[in-house]
Amino acid sequence: MTEYTTQQPRNIAFADVMLNYHYEEDSKCALMVRDHILFYIYSGEVEVHENGHITRLHKGDCAFIRKDNRVSLVKRPMNGEPYHATVLRLTRHFLLDFYRRLNNAQLPDKSERDKRSLLILAAGRPDILSLFESIKPYYYSDARPSEEWLDLKMAEGVFALLHTDKNLYASLFDFAEPWKIDILDFMQHNYMYDLSLEELAAFTGRSLSTFKRDFAKFSDQTPMKWIIRKRLEAAHDEIVGKGRKVSEVCMDVGFKSLSHFSRLYKQVYGTAPTK
């Protein structure tokens, strides 16, 4: 295993997808875990206090903390080495996008949310070691990883969890009901894509009839009319609020035809977008 000794490691945070920590003294924090997290200990020790239990993790340990839990963490050096760890924060937005790319035919027939707030993964797994050792060099470098690379690391973390326990499918993908993604949240993040009703239903874990019925619970519009209205509102904000070019905004929000976009925009806002 490579040792990096040319520089001192640093505390690093890369956007929302990766949080890295390095402590040379004891550090204690209490937090409400709003997103699922997967973390790996390179050195030192961490005590996880949750639901009246104390779990101690050491060098080489990897653990998953389920979201919506309150925990306290005590991080300390051990055996002359500082506390040094990488944390992957699995946001709802990332997991929704990840699920959208899964092959639904390969999803397990039965999966129940795991009620445990802390899950320790088996030590020494090649997939875990490969993932976190590939991240480690960035502690010692001024280089910043690309967003594409970070997404790959996050995906590796999700696959490692899914290969650990099939019940984590239901926990990770945060279904309102088993195998159902929140429709409104999904559409808020994907309205600009050219998706058919059948694809929207599949991506949210529903049959077409169930999708239409569930959608009607929060909107009196049809799904496609809702999407068009959402695109127009987003375009209006970009054009009026930010002064962006109409031709650019039209494509960004999902319209393929500038003339079609202009006609719909005028119907809603009473003037052409170029005005």
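Along each chain, residues carry numbers from 1 onward, in the same order as the chain's sequence is written. With pLDDT at 70 or above as the cut-off, local features in this predicted model cover only qualifying residues; side-chain atom pairs require 80 or more to be listed or tallied, and sums for whole chains, interfaces and linings still use all residues. The basis for every side-chain value is the complete set of non-hydrogen atoms in the structure, without hydrogens or water.

J.: Quick question: what am I supposed to make of the sheet that holds strand S6 (residues 53-58) here?
T.: Pairing between the strands of a sheet is mediated by backbone hydrogen bonds and can be parallel or antiparallel. Whether two strands pair comes down to DSSP finding at least two bridges between them. Each helix corresponds to a stretch of at least 4 residues labelled H or I by DSSP, and each strand to a stretch of at least 2 residues labelled E; elements are numbered beginning at the N terminus. Reading across the sheet, the four strands line up as S3-S8-S5-S6 and stay open at both edges, with antiparallel pairing between neighbours. Edge positions in the sheet fall to strand S3 (27-33) and S6, since each of these pairs with one other strand and no more. Strand-to-strand twist across the sheet, computed as the mean angle between neighbouring axes with direction ignored, equals 20°. Bridging between S3 and strand S8 (residues 69-76) involves seven bridges; their strand directions are antiparallel. Opposite alanine 30, over in S8, you have serine 72 as the bridge partner. Axis angles are defined between N-to-C directions and span 0 to 180 degrees, where every axis is a line fitted to C-alpha atoms and, for a helix, only to the segment in contact.

J.: It is not clear to me how the nonpolar core should be interpreted in this structure. Could you clarify?
T.: One broad trend across soluble globular proteins is that nonpolar side chains are buried collectively. Ranked by internal contacts, the top residues of the largest apolar core, which has 31 residues, are Phe64, Phe132, Leu172 and Phe173. Elements represented by at least two residues in this core include exactly strand S4 (36-43), strand S7 (62-65), strand S9 (83-90), helix H1 (92-100), strand S10 (118-121), helix H2 (126-135), helix H3 (147-162) and helix H4 (168-172). Any two residues whose heavy atoms approach within 4.5 Å at even a single point are treated as in contact. When neighbours within four sequence positions are excluded, phenylalanine 64 is seen to be in contact with His36, Ile37, Leu38, Leu90, Ser117, Leu118, Leu119, Leu121, Leu161, Leu168 and Leu172. Counting 24 residues, the second-largest nonpolar core is a separate cluster that includes Phe186, Ala201, Val249 and Phe261. Put simply, buried Ala, Val, Leu, Ile, Met, Phe, Trp, Tyr and Cys residues joined by side-chain atoms within 4.5 Å make one nonpolar core. In this scheme, a residue with accessible area under 20% of its type's maximum is buried, one over 50% is exposed, and one in between is partly exposed, where area comes from a 1.4 Å probe on protein chains only.

J.: How should I be thinking about empty space enclosed by the protein in this particular structure?
T.: Rolled over the atoms, a probe with the dimensions of a water molecule shows which regions are left empty. We place a 1 Å grid over just the protein atoms. Points where a 1.4 Å probe fits but has no way out form a cavity, open points with protein on both sides within 12 Å along at least 5 of 7 lines form a pocket, and any residue with an atom within 4 Å of a point lines it. Grid points are joined across faces, edges and corners, and a volume is the space filled by probe spheres set on the points. On inspection of all chains with the given rule, the structure shows two cavities of 30 Å³ or more. Roughly 40 Å³ of volume is contained in the largest cavity. What lines the largest cavity is Phe64, Arg66, Asp114, Arg116, Leu118, Leu119, Leu168 and Ser171. Elements with a minimum of two residues in the lining of the largest cavity: S10 and H4.

J.: Teacher, can you tell me more about the pattern of salt bridges here?
T.: Pairs can form between side chains of opposite charge once their charged atoms are near each other. Note on definitions: salt bridges are taken to be side-chain nitrogens of Lys or Arg within 4 Å of carboxyl oxygens of Asp or Glu. In this structure the tally under the stated criterion is 17 salt bridges. For arginine 76, the salt bridge goes to glutamate 47, with nearest N and O atoms at 3.0 Å. Of this pair, arginine 76 sits in strand S8 while glutamate 47 sits in strand S5 (residues 45-50), placing them 29 residues apart in sequence. Here arginine 76 matches glutamate 47 in class, with each residue buried. A salt bridge links glutamate 81 to lysine 59; the shortest N-O distance between them is 3.6 Å. Residue glutamate 81 is found in the loop between S8 and S9, and its partner lysine 59 is found in the loop between S6 and S7; the two are separated by 22 residues along the sequence. Relative accessible area serves as the criterion here: at 31%, glutamate 81 is assigned to the partly exposed category. By relative accessible area, which is 53% here, lysine 59 ends up exposed. Bridged by salt links that share partners, the residues Asp26, Glu45, Glu47, Arg56 and Arg76 form one connected network.

J.: What's the story with helix H5 (residues 183-190) in this structure? I'm lost.
T.: Think of an α-helix as turning once every 3.6 residues; residues three or four places apart then point the same way. Looking at H5, one finds that the buried residues are Ile183, Asp185, Phe186, Met187 and Asn190. Taken together, the buried residues of H5 touch H1, helix H6 (197-203), helix H7 (208-215) and helix H8 (223-242).

J.: Explanation requested: the environment of aspartate 151 in the structure shown.
T.: Looking at the secondary structure, you find aspartate 151 in helix H3. In this structure, the C-alpha to C-alpha distance between aspartate 151 and phenylalanine 94, residues 57 residues apart in sequence, is 8.6 Å.

J.: What is the right way to look at H1 in this model?
T.: Of all the residues in H1, the buried ones are Phe94, Leu95, Leu96, Phe98, Tyr99 and Arg100. Tucked inside the fold, the buried residues of H1 contact S4, S9, H3, H4, H5 and H6.

J.: When you look at the side chain of aspartate 61 in this model, what are you seeing that I'm missing?
T.: With respect to the secondary-structure elements, aspartate 61 resides in the loop between S6 and S7. Charge counting follows a simple rule: Lys and Arg are positive, Asp and Glu are negative, and His as well as the terminal groups are ignored. Among buried charged residues, aspartate 61 stands out as having no salt bridge; its nearest opposite-charge side chain is arginine 56, 11 Å away. Sequence-distant contacts of aspartate 61, that is, excluding residues within four places in its chain, are made with Phe39, Tyr40 and Ile41.

J.: Could you clarify how one ought to interpret unusual backbone geometry in this entry?
T.: Backbone phi values are negative for most residues with the exception of glycine, while trans is the configuration of most peptide bonds. For asparagine 79, which is not glycine, the phi torsion reads 55° and is therefore positive. Mapping asparagine 79 onto the fold places it in the loop between S8 and S9.

J.: Sorry, what's going on with the confidence of the model for the chain here?
T.: Close reading of the predicted structure is inappropriate where its pLDDT is low. Values of pLDDT, ranging from 0 to 100, describe the predictor's confidence in every residue of the model. Per-residue pLDDT for the chain has a mean of 83; in total, 88% of the residues score no lower than 70. At the level of individual helices and strands, the chain shows its lowest average pLDDT in strand S2 (residues 18-23), which scores 65, and its highest in S7, which scores 95. Of the regions scoring below 50 in pLDDT, residues 1-7 engages in six contacts with residues more than four places distant in sequence or in other chains.

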